Amino acid sequence: MPTFSGPVRSRWSSTDGARRFDVINPATGAVLAQVCGAGAAEVDQAVRAAAVGQRSWARRTPAERGAVLRRASLAIADHMQELAELESAEMGKPVSQAL
C-alpha cells in the first residue's frame, strides 16, 4: 500500500513520526493508501517554500506561465482515465462523473 506525504520544494517529506491516515474506498472499505499528517513545523516549511516559489513564478512571463500550465493540462489529459479511476475509488463517485 502506498504512503504519501506532503510535497515541499518538489520533495515529498514528512516527519518520521507523523500520524498516518488511511484513504478508504467508501464502496468496498478497502484501504487504498496512507497519507501523512503534517505538524506545525511541516506547515511552516510549506508556507515558506510557497512564498519562495511564488516569487519565482511571478518573475516568469505570461507566455512562460502559460507553457507550464499547458504542460500540466497535457499531463492530466494523458492520465485522465487513471485519475478518474482514482477519484472514483477515493470518493465513491462513478468514473463517468470523474471524467
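Criteria and thresholds
Residues numbered from 1 in each chain as written. Predicted model: local features only at pLDDT ≥ 70, side-chain atom pairs only at ≥ 80, totals over all residues. Heavy atoms only, no water. Helix = DSSP H or I, 4+ residues; strand = E, 2+ residues; numbered from the N terminus. Contact = heavy atoms within 4.5 Å. Areas by Shrake-Rupley, 256 points an atom, 1.4 Å probe, with all protein chains shown as cover. Patch = residues over 30% accessible without salt bridge, like charges linked within 9 Å, V, L, I, M, F, W, Y side chains within 5 Å. Salt bridge = Lys/Arg side-chain N within 4 Å of Asp/Glu carboxyl O. Pairing = 2+ DSSP bridges. Expected span 1.5 Å × (residues − 1). Buried < 20%, exposed > 50% of the residue type's maximum accessible area, 1.4 Å probe, protein only. Arc of directions from axis to C-beta. pLDDT = per-residue confidence, 0-100.

Some words on the overall build of the chain
Helix and strand counts for the chain stand at four helices and five strands. For the chain, the N- to C-terminal ordering of α and β elements is β-β-β-β-β-α-α-α-α. Expressed as a percentage of contacts within the chain between residues at least 6 apart in sequence, the contacts between residues at least 24 apart total 39%. Entry remark: accessible area of the chain is about 7,400 Å², with carbon and sulfur atoms responsible for 57%.

Observations concerning a nonpolar patch on the surface
Taken together, Ile76, Leu83 and Leu86 make up a surface patch of nonpolar side chains, about 280 Å² in accessible area. Positionally, leucine 86 belongs in helix 3 (residues 80-91).

Some details on the environment of methionine 91
Its place among the elements puts methionine 91 in helix 3. It is 6.8 Å that separates the C-alpha atoms of methionine 91 and proline 26, two residues lying 65 residues apart in sequence.

Details of the side chain of asparagine 25
Tracing the backbone shows asparagine 25 in the loop between strand 4 (20-24) and strand 5 (31-36). If we skip the residues at most four places from it in the chain, asparagine 25 touches Ala30, Leu32 and Ala89.

Some details on the pairing of strand 4
Bridging between strand 4 and strand 5 involves five bridges; their strand directions are antiparallel. Bridge pairing in strand 5 places aspartate 22 opposite glutamine 34. Between the end of strand 4 and the start of strand 5, which pair antiparallel, lie six residues, with glycine 29 showing a positive phi angle near 80°.

Quick look at helix 3
In this model, helix 3 (12 residues) spans 16 Å end to end at C-alpha, consistent with the 16 Å of a helix rising 1.5 Å per residue. Every buried residue of helix 3 is accounted for by Ala84, Ser88 and Ala89. Angularly, the buried residues of helix 3 cover 130° about the axis, an arc narrow enough to put them on a single face. Exposed residues pointing more than 90 degrees away from the buried face of helix 3 are listed as Leu86 and Met91. Of the surrounding elements, those touching the buried residues of helix 3 are strand 4, strand 5 and helix 4 (95-98).

Section: the confidence of the model for the chain
Mean pLDDT for the chain: 84, with 82% of residues reaching 70 or above. Element-level pLDDT for the chain is lowest in strand 3 (residues 11-13), with a mean of 58, against a maximum mean of 97 in helix 2 (residues 62-78).

Section: the environment of glycine 92
Looking at the secondary structure, you find glycine 92 in the loop between helix 3 and helix 4. With 65 residues separating them along the chain, glycine 92 and alanine 27 place their C-alpha atoms 6.1 Å apart. Residue contacts for glycine 92: discarding those within four places in its chain leaves Pro26 and Glu87.

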